[in-house]
Amino acid sequence: MAINCPLPYCTIGAYVLLKRSAKGNIFLQRCKSTKSRKTEIAMGNSYAGQLKTTRFEEVLHNSIEASLRSNNLVPRPIFSQLYLEAEQQLSSLEAGSRADNEEEEEEEEEEGSESSSPPVSYQMKPPPEGCCTTDGFCQAGKDLRLVSISNEHIEVPAGFLLVGAKSPNLPDHLLVCAVDKRFLPDDNGRNALLGFSGNCVGCGKKGFCYFTEFSNHINLKLTTQPKKQKHLKYYLVRNAQGALTKGSVICWKGAEFRGRQSSSSTCSSTLFQLPESSGLSGSTSSEPLPAPNPSAPAGTQQTAAAIDHIPSTAAFSSAVYNGKESPKQQLVKNNLSAQTRPSVLGTLTNSGPPKKRHKGWSPESPSSTETWNLQLNLQAPNRIKNDGGSLSSLPHSALVGPASSPMVGSGEPVSVPDNLLKICKAKPVIFKGHGNFPYLCGNINDVIVSPLLYTCYRNSQSLSRAYEQYGASTIQPISEEMQLLLTVYYLVQLASDQVPLIEDLEQIFMRSWRESHLSEIRQYQQAIPQTFPQVPSQIAPVTSAQLPWLAGLAASSCNDSVHIIECSYSLAEGLSEMFKLLIEGKLIKTNYVVIICASRNRAIDSCIVITGKYQARVLSESMLTPSDYQKEVNYQLVTGKVETLGSFFSTLCPEGDIDLLLEKFYQENQGHISSSLSASVNKPTSLNGTGTAACTSYEIERHQIRPFQLAVAQKLLSHICSIADSSTQNLDLGSFEKIDFLICVPPSEVTYQQTLFHLWHSGILLELGLEKEHLTKQRVEQYVMKLDAEAQIKFKVFLQNSMQNPHTLFVLIHDHAHWDLMSAMHSLYPQTELSTGLVDRLLNCREVKEAPNIVTLHVTSFPYALQTQHTHISPYNEIHWPSSYSNGVDLYHENKKYFGLSEFIESTLSGHSIPLLRYDSSFEAMVMALGKRFPRLHSAVIRTFVLIQHYSAAMMAVCGLSQMKNYTSVETLEITQNLINSSRQCPSGHGLMVVLRIPCTPLAAVAYERLYNVRERLALEDNFEIILGNPNSGITIGKHFVEQLKAWQKIEDVDWRPQTYLELEGLPCILIFTGMDPQGESLPRSLRYCDLRLINSSSLVRTTLEQELGLAAYFVSSEIHTEKAVVNDVLESDPEKLSSTDNEDEEVATEGSTSEKRSPMKRERSRSHDSASSSLSSKASITAFCSESSPPLIAAGDTAKSSHQVLSNSAEETTNNYERQKQKVDKGAQTTISKHLLPVTEQLDTKQNIKSAQISITSSSSSPFSSSSSSSAPTHNSFILQTSQCSMTKASKQPPIVFLPKLVYDIITSTDSSGLPKSSSLLPYHSVMWASSFRPLMSKMMTCTEQSLYYRQWTVPKPIHMDYNNRNEGRMDTFHPRRLLLSGPPQIGKTGAYLQFLSILSRMLIRLTEVDVYDEEEININIKEESNQYYHQPGDMWPDLETFKKMPFDYTIHDPKYEDASLICSKLQTINSEERSMSRRQEDMYTRRQTTRMRLSKYAAYNTYHHCEQCHQYMGFNPRYQLYESTLHAFAFSYSMLGEEIQLHFIIPKSKEHHFVFSQPGRQLESMRLPLVTDKSEDYIKSPTFTPTTGRHEHGLFNLYHAMDGASHLHVLVVKEYEMAIYKKYWPNHIMLVLPSIFNSAGVGAAHFLIKELSYHNLELERNRQEELGIKPQDIWPFIVISDDSCVMWNSVEFDCSGDRKSDYMWTERNVSLKQILQHIEATPNVTHYALIGMRKWSSKTNSAEIKEPFSCCHVHDFIMLNVDLTQNVQYNQNRFTCDDVDFNLRVHSAGLLICRFNHFSVMKKQIAVGGQRSFHIKSKVSDTPVSVSPAQYICAPDSKHTFLAAPAQLLLEKYLQYHSHRFFPLSLKNYSHPVLSVDCYLNLGPQIAVCYVSSRPHSLNISSSGLTFSGLLLYLCDSFVVASFLKKFHFLKGATLCVICQDRNSLRQTVVRLELEDEWQFRLRDEFQTANAKEDRPLFLLTGRHI
């Protein structure tokens, strides 16, 4: 490329390699040109880094130098050493940085791709000496600032434009530059040439061809990489005056359609697989279908194979990378929507320059037009991360490229030789690397080309950008040379049976780059410790000249598995040479060919060709989508291509065709089929018939809830509650009365029946009240929906029900939720079945999303695809299955231990036990050999046929055709003989299940047919069943086996057939499990072997892999320790496991060799458990058809060993043999193939005598061990010997054994540095992709929640995913509020958990509509005067005032809450008081108060948890009123008793201000509006309601909206100052009355006192205000309501007096609104003459006698109407905590005022467990620790050292008197005839002491005390009304006691003197006490005395 001239039409991706010399000059790196050559050097593990700044180059160069000087060819493997060190030390650096979205990053990345050189770490070039360095001036000192030179004449050469550059140091200035317009974009942001050409307008210097050099010249002084896109900002234009001004912005962005269509995806780790979006496959089928357009060029047909909906002429290649198109002839690519728009195949001439990649593409994403998107699942089934299908929106012009080659072509074409596939036995896979790729022509059907490696290289170039956002300095990415070198190192260290994994390469690049730039990264990650020293920066990077030589050196140690071809001109010559070497057979040992073209004058070109037959096959097959894979297999079966395979197998048998051998066997044995094998079948019936012993271990587990499931159900419930409790109002649980549900399951008949089975047995339908007792199956089916064609009808019914029943909560359960996540909108799949996208169409429909009564619960074992950046499910709504252990503590005690994937892996890697995960090396070897022989057959076909052959041969061998043992593998033989023998060991014939997983349905059908046929020929049809498990159909089994199952399960139904696999418990069978994915089917506990050797191992993702292994998930009885159980598995179940099948003879390991064999290094090798050679299977086992219960085989010489030794040593021998044999496998891997393809009898004959001996033991002994060996066994191991005969029982105590393909086994068992299995870091699902390749690694320590957050950050859905369109710039509102996700391991019991959740949710809803109310009988009923006089008729609505005045006052307390309070005596009651003392039992007082559960009526009061549409406005959640929009108003009034002014505060919401009067100018609160007595309104409550409350901001029943039936009312909450904020938060629309701070520790008396005083003061204000309006003072409404905060419902009694006699009446009680009750009371005639009006407390035990008198004159409690006018002079005692209402009632009555109780009305009080009186805790003032203090300690002697208490003095006094008043009044104890005289107050002295209340006020009403003798006198804070003469009127018993209570000691003395107490009472100094308060807390003082 010339420097000073415009770029020629260069080929796509060509780079000029720019290097910087030591002096800072830029020069072209000359590349040495040599012919193809190979050099050899050993390199270790892969490692990468920018060589400029790492220690790596230093070590590398030293190593190379050392190797050149030494004679040793293989120097120290420094590479792996560095790589492995870095992996550990950098694990802390994995905090992810996202490098997608910043515009600046895009610009930088674009410049990087544009500059024709690898981006270089930018260092400021030192300016020449003496030059100008001033900002805004060039180095020649000329001013370049626009403001300075705008009017100067500037010469602009032709073709140049003036542009403005931005300098970071001069943000307000533009620097003027002249730039060649060809290097600037056009108006569309396109067609800018790569590079730069510009002149300095200051000094006139011309010819700057690099923007770096130019930026130095104009003194931009950049700290980041100079990029023209970043710094050239504006065009400059002349205005009308000729001055130069800023013009339009330079459009560096591209056209809209080229924007970020592809989101940001990276190379994934899936095997090259076409994304679902493209629907295309590479040239993978050996014979493409006939092309519809035969005249199309040959190259266009290669992608047409096996694709129905895209015409073969439409096949196209990825000709456009990042928008750079080939300058050669270009063809219009067809749009992917081939079915809607015909493809266009045309020719365009490209006259423009090569187009630069537009910055709209993220550096992370492959080009939107890369339609191949093949996923290089190199070793793991890796997945392809592709933008997935946004191609359909691209215009045709964007899709141009040559149709003759699958990749971008340039230069001379390369001809693919004819017969390449035939000669090489595999199609080579070519990965484009760097630079240009030539055209391919000729036989291009025999090669496959993929851009995946290219994409990976490009993505790794962007790694550094994530850190650039932290600071200004640029961190240079890995150079192309280093990338290629690292790739070579990676390929070199791959084993011959490994496949390259793109994800590994990606991680290598990342780790290498991070290590290279550790110091820079640390600047931005301060927390990371300095683990590396400062890296030297003087080492030179690898140059392109060194690259081929270093690559050859690296490849020299790998035994030619990697071959390096260097070419001097272009890749074409290297590819030609590679094809030539292939044809000549010179690359037989070579798996990978790396072709490097490093010419002098441009960047490197490279590609990598996979030539290894195994690797090429795996990679090419991984490019098929699942549907293409099915089609390919179908095609090969239909066209008969597999017949060659069948005929090949026939030739292997020594006797000729296997079928002939079978027929011969069948004829010979036809007469006597009553052999031992088939005889066992009849055993169970005969045994059962004769009544002798039958197996008792059989049980099918019915529905039972385990602790785990209950815990999960409760977690689900708490999430539902949290949604309801949130302020978003998304779920109003209070409005629902019942539950309904629908369970959606995949369209698998077995899963459907299984769910019906669980639902039936759970009893949930009856519990929810959805169905009646007699449940039919048809009714149960209404609640389970199969997601098939008929689903829409059932779902429509569900939606209609939800709309018609708004008060029913519908739970939509989506089980197996990962199954179909296809978008309903995705149009690329017209050929797929109808059910695709059904979940999206149904569950995501608008009706479900908007219905307020539908909650959606997704349930899955693999939630990863629902955890993307666009998910509908909030992370707060995820419920993960809990861990069973926490810090070693078993959290849930269960009798079974779950065995899932992690346990399988752990058991396999631990080395302590026989591995549960195994692979079959002989099977793999045979498959590999046949794969080479039949290259055109898909490996799934070959694997299936080989396995069928193995099973057939094994069955024949077990039946006596011993010659067939050589044609099966040890594993298959073990499975088969244990299966066949299992039913013989059980008296009832129970056996084992073997699951044979064949995903491809046509292959499964072939396998079923073949195995069925073999079984028939061998007369085994009654021994075990073969079942074809197809998801689309039910289970079909033979009649004989149905009868067996019915007998075992005691089923009498004649028509019964098993419908789920769980019902096959104990049935000996092979279940051929087919279908591309399991769909949630559960397997029975008799499962023993899970054969997954045929799963599709090429295109696995994490979900697929874990789903397959989930089939084996299992519950093991936890009585036996799991590890022991696994070891015992070897001892008792698999005797043949104790010997080896390797080529060399070997003995069982002896004890002496254990220490050497158990070395750590060998343990490491033993991790790969090849069960063919490492599973301790003896050579004898191939013919040893012993049953599971046979004794372990011991080497021939050791048969005399006791079983004691066998048992004790078996575990050690097991592990030792593993280690030995694993090494032999490695050595003998090459010979295994021939060993199994040809008879290998010679190695078996030597052991024939052992086998025959073993067979005879088996047949002759019926017990597991002979009697002699059992007796010698040690007692601690006896449980092994006493195992059940039933193999099914043994199977249920051990997890199944799983056989895997080798590829999958390696992925599952390999772990990273944190111990995380490799499978966990795979792409989670087919329809998602990684958001960035620059993501942190997952860690083993991640919890499920952390994994979810990881996937939510790092994965995005492809367009085919149903969540693709759910994005809203990351805002929270993309989450659906009523959608939850439950995830848990497979088969762990999620169905039971969610059914239990429905149950407890239903119970909770019922509970929400119910409330516990106190239900207690009135107390002291028998003390009432039995009077026949009734003052009113039962049906009277209101009391008659005159009649009421005649009614006596009932002093006795009848409220049951005062059961432990003192009796109040009157003269009338003294007669009965003795009886009462007998009837009260002490224990009754302390029992829990009785409650009953009541359904809430529509007139209930609610707490803060109630949300409904009607009361939103009432609660303040209406948008019209902003939350918390309220004002604080002070309200002061003076009160003489307190001696000071009281200042209260009102918090008044805006919506409630109309209830108050404010002064006009200052808006000061003046008064609360009061209505008139004469006002009448149906929708208005006249009395203001006050509710004092403390500690019940959540639970207090302050929502009176429904109770008032919507009527307007004034409700004021009375709260303490310290609780104001919390109450205001919960009740923003309620008026608050805030008590002064001095009352923070006061009791309810203070609240009542202030409410009453405030109300009276307000009454006066209102009278004055309204008097001015002409209203009389007495007409103002004087009542207020004081209500407890626990009043929940109100009831009214209705009478029916229609009887003949007046005394006959019927009554009913019903719930009514509070509005009705209050309006009724307010309408009472002469209502203002009553001082207090109340009502009964509700009780279910109320009898007719209690309500016969409709009105009572007695105590009222809880809910009262108080006349503040009449009670002006009667106050509540503001000091009181308890009984203040009783005290007040007595005062009111003694003042001669009327107290009326309406007996026809009752109030229900809710039991609230928090707040109220419970909020007072009495504790010591000294220590902070809450120590309970007994009431006896509440009182102490003055001046004593008693511990003071932190509690109000009044509370201590009241509590002390309640529990210990008998100390002060000993004569009064149970002496009800002689009560204590209590003056002016009522204090509770406890239930065993009666009191008599008298008032000292003049003219007060008191009981007649004549004839009463008192046992005590209580004077509490007595005022001046109490005088000596008043007390002398009363008579006391001799020895009666006195208690005087005063505020201080001085008052005590004064009171004694003033009342002349010493005349009659004797006092002693020691009789003085005080409450246990400190002096500052103002204790109360007590003085006691005795009556003289």
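Values in this document were obtained by computation on a predicted structure and should not be read as measured data.

Reading the values: the criteria
Here the residue numbers are simple positions, counted from 1 along each chain's written sequence. Where local features are concerned, this predicted model is filtered to residues with pLDDT of at least 70; where side-chain atom pairs are given and counted, the filter is 80 or more; whole-chain, interface and lining totals use all residues. Note that water and hydrogens are dropped before the side-chain values are worked out from all heavy atoms of the structure. To qualify as a helix, a DSSP run of H or I must reach at least 4 residues; to qualify as a strand, a run of E must reach at least 2; elements of each kind are numbered from the N terminus. Categorising residues by exposure relies on relative accessible area from a 1.4 Å probe, with only protein chains included: less than 20% of the type maximum marks a residue as buried, more than 50% marks it as exposed, and the intermediate range marks it as partly exposed. By definition in these notes, contact holds between two residues if any of their heavy atoms fall within 4.5 Å. In short, Shrake-Rupley with a 1.4 Å probe defines the accessible areas, and a residue's cover is counted only from the protein chains shown. Should DSSP find at least two bridges between two strands, the strands are regarded as paired. Orientation is described by axes fitted as lines to C-alpha atoms, over the contacting stretch for helices, and by angles from 0 to 180 degrees between their N-to-C directions. Stacked, tilted and edge-to-face are the three classes assigned to paired rings of Phe, Tyr and Trp, where Trp is represented by its six-membered ring and a pair needs centres within 6.5 Å; plane angles under 30 degrees give stacked, over 60 edge-to-face, the rest tilted. Counting as a charge over the ring demands two things of the Lys NZ or Arg CZ atom: a distance within 6 Å of the ring centre and an angle within 35 degrees of the ring normal. Two cysteine sulfurs form what is called a disulfide whenever their separation falls within 2.5 Å. One confidence number per residue, pLDDT, is output by the predictor and ranges from 0 to 100. Expected span of a helix: the number of residues minus one, times 1.5 Å. Every case where a carboxyl oxygen of Asp or Glu lies within 4 Å of a side-chain nitrogen of Lys or Arg is listed as a salt bridge. In this text, buried Ala, Val, Leu, Ile, Met, Phe, Trp, Tyr and Cys residues form a nonpolar core when linked through side-chain atoms within 4.5 Å. Convention used here: angles under 35 degrees read as roughly parallel, angles over 145 as roughly antiparallel, angles from 65 to 115 as roughly perpendicular, and any remaining angle as oblique. By definition, turning the near helix anticlockwise from the far helix through less than a right angle yields a left-handed crossing, and turning it clockwise yields a right-handed one. Classification convention: Asp, Glu, Lys, Arg as charged; Ala, Val, Leu, Ile, Met, Phe, Trp, Tyr, Cys, Pro as nonpolar; all other residues, Gly among them, as polar.

## Observations regarding the overall build of the protein
1) Next: On a plain count of helices and strands, the protein comes out with 57 helices and 61 strands.
2) Next: Evaluated residue by residue, the protein yields a buried proportion of 62% over its 1988 residues.
3) Next: Across the protein, every contact between residues at least 6 apart in sequence was considered, and the portion connecting residues at least 24 apart equals 78%.
4) Next: Working note: accessible area of the protein is about 75,800 Å², and carbon and sulfur atoms make up 52% of it.

## Thoughts on the sheet that holds strand β37 (residues 1463–1464)
1) Next: Pairing in this open sheet of 8 strands is mixed, and the strands run β37-β57-β56-β58-β59-β61-β60-β54 from one edge to the other. This sheet does not close on itself; its edge strands, each paired only once, are β37 and β54 (1835–1836).
2) Next: Relative to strand β57 (residues 1890–1894), strand β56 (residues 1876–1879) runs parallel, the two sharing 4 bridges. Note that in β57 the partner of L1877 across the bridge is C1892.
3) Next: Here helix α55 (residues 1849–1860) sits on the sheet and contacts β54, β58 (1909–1916), β59 (1931–1942), β60 (1961–1971) and β61 (1981–1987); the angle it forms with β60, its principal contact strand, is near 120°.

## Focus on the packing of aromatic side chains
To describe a pair of aromatic rings, one takes the distance between the centres and the angle between the planes.
1) Next: Counted by the stated rule, this structure contains 38 aromatic pairs.
2) Next: Each ring, one from W1677 and one from F1679, has its centre 5.2 Å from the other, and the planes form 45°; the classification is tilted. The pair W1677 / F1679 is uniform in exposure class, with both members buried.
3) Next: Ring geometry for F1864 and F1969: centres 5.7 Å apart, planes at 40°, overall tilted. A residue pair is termed long-range when its members are at least 10 positions apart, and F1864 in the loop between α55 and β56 and F1969 in strand β60 qualify at 105 residues.
4) Next: On the basis of relative accessible area, F1969 is assigned to the partly exposed category, the value being 21%.
5) Next: An aromatic cluster is present here, built from F1910, F1926, F1930, F1932 and W1961 joined pairwise through their rings.
6) Next: Above the face of the Y1089 ring, R1088 is positioned so that its terminal group lies 5.6 Å from the ring centre.
7) Next: Residue placement shows K1302 over the ring face of Y919; its charged tip is 5.2 Å from the ring centre.

## Notes on the state of the cysteines
1) Next: According to the stated counting rule, one finds 0 disulfides in the structure shown.
2) Next: With no disulfide partner, C1465 has as its closest neighbouring cysteine sulfur the one in C1892, 6.8 Å distant.
3) Next: A residue is classified by how much of its surface remains accessible, and C1465, at 5% relative accessible area, is buried.

## Section: the confidence of the model for the protein
1) Next: Within the protein, residue pLDDT values average 76, and 70% of them lie at 70 or more.
2) Next: This model gives residues 254–409 a pLDDT under 50, and the stretch forms 561 contacts once residues within four places in sequence are excluded.
3) Next: Every residue in residues 827–832 scores below 50 in pLDDT, and together they form 14 contacts with partners more than four places removed in sequence or on other chains.

## Let's talk about helix α29 (residues 939–958)
1) Next: Between its first and last C-alpha, α29 extends 28 Å over 20 residues, near the 28 Å set by a 1.5 Å rise per residue.
2) Next: Extensive coverage of α29 is indicated by the burial of 20 of its 20 residues.
3) Next: G960 sits one or two residues past α29 and shows a positive phi near 115°.

## Details of the pattern of salt bridges
1) Next: Inspection of the entire model under this criterion finds 58 salt bridges.
2) Next: As a salt-bridge pair, D1684 and K1805 come within 2.7 Å of each other at their nearest N and O atoms. Here D1684 is found in the loop between β46 (1679–1683) and β47 (1687–1696), whereas its partner K1805 is found in strand β52 (residues 1794–1805), with 121 residues between them in sequence.
3) Next: A residue is classified by how much of its surface remains accessible, and D1684, at 22% relative accessible area, is partly exposed.
4) Next: By sharing partners, the salt bridges in this structure join D1455, K1457, D1684, K1737, D1758 and K1805 into a single network.

## Observations concerning the nonpolar core
1) Next: Core analysis: the biggest nonpolar cluster contains 165 residues, and F1546, W1690, L1915 and I1941 have the highest contact counts within it.
2) Next: Ranked by the residues each element gives to this core, the list is headed by helix α51 (residues 1644–1667), at 8 residues.
3) Next: When sequence neighbours within four positions are dropped, the list of residues in contact with I1941 reads L1853, L1857, L1883, L1914, L1915, Y1916, L1917, L1980, F1981 and L1982.
4) Next: Among the nonpolar cores identified, the runner-up in size contains 108 residues, and L661, I975, I1095 and I1308 belong to it.

## Observations regarding the sheet that holds strand β6 (residues 232–238)
1) Next: The strand order across the open sheet built from 5 strands is β5-β4-β3-β6-β7, with neighbouring strands paired in antiparallel fashion. Only two strands of the sheet have a single neighbouring strand rather than two, namely β5 (198–199) and β7 (244–249).
2) Next: Where strand β3 (residues 160–167) meets β6, 3 bridges bridge the pair, whose relative direction is antiparallel. Among the inter-strand pairings, G164 is bridged to a residue of β6, identified as Y234.

## Overview of the packing of helix α28 (residues 921–933) against α29
1) Next: Two elements in contact, α28 and α29, have axes whose closest approach is 10 Å; the angle formed by their N-to-C orientations is 130°. Considering their axes alone, α28 and α29 lie oblique with respect to each other. Of the two elements, α28 crosses α29, and the hand of that crossing is right-handed. Residues F923, E924, M926, V927, L930 and G931 of α28 pack against I942, R943, V946, L947 and H950 of α29.
2) Next: For the contact of α28 with α29, a count of residues per class yields 7 nonpolar, 2 polar and 2 charged.

## Structural notes on unusual backbone geometry
1) Next: A positive phi angle is found at N219, which is not glycine, with a value near 60°.
2) Next: Summarising the element assignment, N219 is placed in the loop between α5 (211–217) and α6 (228–231).
3) Next: Residues other than glycine seldom take positive phi values, yet K425 does so here, at roughly 65°.

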